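Structural overview
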Amino acid sequence: MAFLGSRARRAALALLAGTALASLLATTATAAPPTGKPDRVMTPTDVWMRDVAMDSGLQPHSYNPIWSSPDIKVCPTAMGCATSANAIVGMTNYIFVTLRNPGPYGTGIDSGALRIYRTSPGGGMAWPTDLTWVATVPVVVPLGVTTVVVAWGAVPGPGNFSLLAVWESPDDPLLLITPDLQVNVRYNNNIAWRALQSV
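Predicted model, so just to flag it, every value in this text is computed and none were measured.

1. What to know about the overall build of the protein chain
- What the protein chain contains, in helices and strands, is 2 helices and 7 strands.
- If you list the helices and strands of the protein chain from N to C, you get α-β-β-β-β-β-β-α-β.
- For the protein chain, with 199 residues in total, the buried portion stands at 38%.
- The long-range share in the protein chain, meaning contacts at least 24 apart out of those at least 6 apart in sequence, stands at 70%.
- Looking at the protein chain as shown, the accessible area adds up to about 10,600 Å², and 65% of this sits on carbon and sulfur atoms.

2. Digging into the environment of Ala53
- In this fold, Ala53 is placed in the loop between α1 (2-29) and β1 (72-75).
- You can call Ala53 exposed: its relative accessible area is 60%.
- Sequence separation between Ala53 and Asp71 is 18 residues; the distance between their C-alpha atoms is 8.8 Å.

3. Topic: the nonpolar core
- Counting 24 residues, the largest nonpolar core has Ile95, Leu99, Leu114 and Trp152 as the members making the most contacts within it.
- Elements that contribute at least two residues to this core include exactly β1, β2 (93-101), β3 (110-118), β4 (132-141), β5 (144-152), β6 (159-168) and β7 (191-198).
- Beyond its immediate chain neighbours, meaning those up to four positions away, Leu99 contacts Val47, Trp48, Met49, Leu114, Val139, Val141, Gly144, Val145, Thr146, Val148 and Trp167.
- In terms of nonpolar packing, the next biggest core, distinct from the first, is built from 10 residues, Val166, Leu181, Val185 and Trp193 among them.

4. Some remarks on the side chain of Arg194
- Looking at the element boundaries, Arg194 is found in strand β7.
- Buried charge without a salt bridge: Arg194, with Asp71 as the nearest opposite-charge side chain at an N-O distance of 8.4 Å.
- Beyond its immediate chain neighbours, meaning those up to four positions away, Arg194 contacts Trp67, Ser68, Ser69, Pro70, Ile72, Ser84, Phe161, Ser162 and Leu163.

5. A look at the packing of aromatic side chains
- In total, this model carries 2 aromatic pairs according to the counting rule given.
- Pairing Trp152 with Phe161 gives two aromatic rings, centres 6.0 Å apart and planes at 65°, and the pair type is edge-to-face. The same class applies to Trp152 and to Phe161, which are both buried.

6. Some points on the state of the cysteines
- Summed over all chains, the structure comprises 1 disulfide.
- One disulfide in the model links Cys75 with Cys81; its S-S distance is 2.0 Å. Across the S-S bond of Cys75 and Cys81 the torsion is about -80°, and the bridge reads as left-handed.

7. Regarding a nonpolar patch on the surface
- There is a patch of nonpolar side chains on the surface, built from Leu175, Leu176 and Tyr187 and spanning about 230 Å² of accessible area.
- Tracing the backbone through its elements, the reader meets Tyr187 in helix α2 (residues 181-187).

8. Quick word on the side chain of Ser198
- The topology assignment puts Ser198 in strand β7.
- Under the relative-accessibility criterion, Ser198 is labelled buried at 2%.
- At 2.7 Å, the side chain of Ser198 forms a polar contact with the backbone oxygen of Pro156.
- Discounting residues that sit within four places of it in the chain, Ser198 has contacts with Ala87, Val89, Val155, Pro156, Gly157, Pro158, Gly159 and Phe161.

9. Remarks on the sheet that holds β5
- Read across the open sheet, the 3 strands follow the order β1-β2-β5; overall the sheet is antiparallel. A single partner strand is all that each edge strand has here, and the edge strands are β1 and β5. Averaged over all adjacent pairs, the angle separating strand axes in this sheet is 20°, with direction ignored.

10. Here's the deal with the pattern of salt bridges
- For the structure on display, the rule yields 3 salt bridges.
- Linking Arg50 and Asp71 is a salt bridge whose minimum nitrogen-to-oxygen distance equals 3.0 Å. Taken together, the residues span a long stretch of sequence, with Arg50 in the loop between α1 and β1 and Asp71 in the loop between α1 and β1 at a distance of 21 residues.
- Here Glu168 and Arg115 are joined by a salt bridge, their closest N and O atoms 2.8 Å apart. Taken as a pair, Glu168 in strand β6 and Arg115 in strand β3 lie far apart in primary sequence, 53 residues in all.
- The class for Glu168 is partly exposed, based on a relative accessible area of 28%.
- Residues joined by salt bridges that share partners form a network here, namely Arg50, Asp71 and Arg100.

Rules of the game
Residues numbered from 1 in each chain as written. Predicted model: local features only at pLDDT ≥ 70, side-chain atom pairs only at ≥ 80, totals over all residues. Heavy atoms only, no water. Helix = DSSP H or I, 4+ residues; strand = E, 2+ residues; numbered from the N terminus. Buried < 20%, exposed > 50% of the residue type's maximum accessible area, 1.4 Å probe, protein only. Contact = heavy atoms within 4.5 Å. Areas by Shrake-Rupley, 256 points an atom, 1.4 Å probe, with all protein chains shown as cover. Core = buried A, V, L, I, M, F, W, Y, C linked by side-chain atoms within 4.5 Å. Lys, Arg positive; Asp, Glu negative; His and termini not counted. Salt bridge = Lys/Arg side-chain N within 4 Å of Asp/Glu carboxyl O. Phe/Tyr/Trp six-rings, centres within 6.5 Å; stacked < 30°, edge-to-face > 60°. Disulfide = S-S within 2.5 Å. Patch = residues over 30% accessible without salt bridge, like charges linked within 9 Å, V, L, I, M, F, W, Y side chains within 5 Å. Polar contact = N/O pair within 3.5 Å; in protein donor to acceptor, adjacent residues only side chain to side chain. Pairing = 2+ DSSP bridges. Axes fitted to C-alpha atoms, helices over the stretch in contact; angles between N-to-C directions.

Structure, rendered in structure tokens:
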């Protein structure tokens, strides 16, 4: 009888110790990252585009307006323009996208694809169902600033719509993709958004 009682006590203590350890591990696993640490893990490379002028590539961020990326411009000629212009329906326009390397999460020359999408005038903004493909450009991005120019003839409208530039690379993957366009842009420094008007 004493043997059974001692064995039962040991089993109860082991159960309590296991429960306490599991609780401690669960608390540690769900604890917030230390202050000042980026929410994104390091990647081999980090090519990025600014969402606003003061953007430094950290993600996520809370800058606004998030749909006014200075790294996406539409110009009437391939020579470029100082600021983005209205897109002209029925004519060839030119999309200029500025890629920056390196960002805060990786370094080194990267190669991948710059994909450009648009929404429809007056249409929805859900990812990816409301996006229409415009162009895909394979690019090697050295250290520094690289500008990609895309001729664009199928301008929708007239009306208000948006352009999205998405950098895709095996060494610099998209971190988080949801149906919410704003979440995707805030959590991925390799997605930029520009609201436009076509005339």
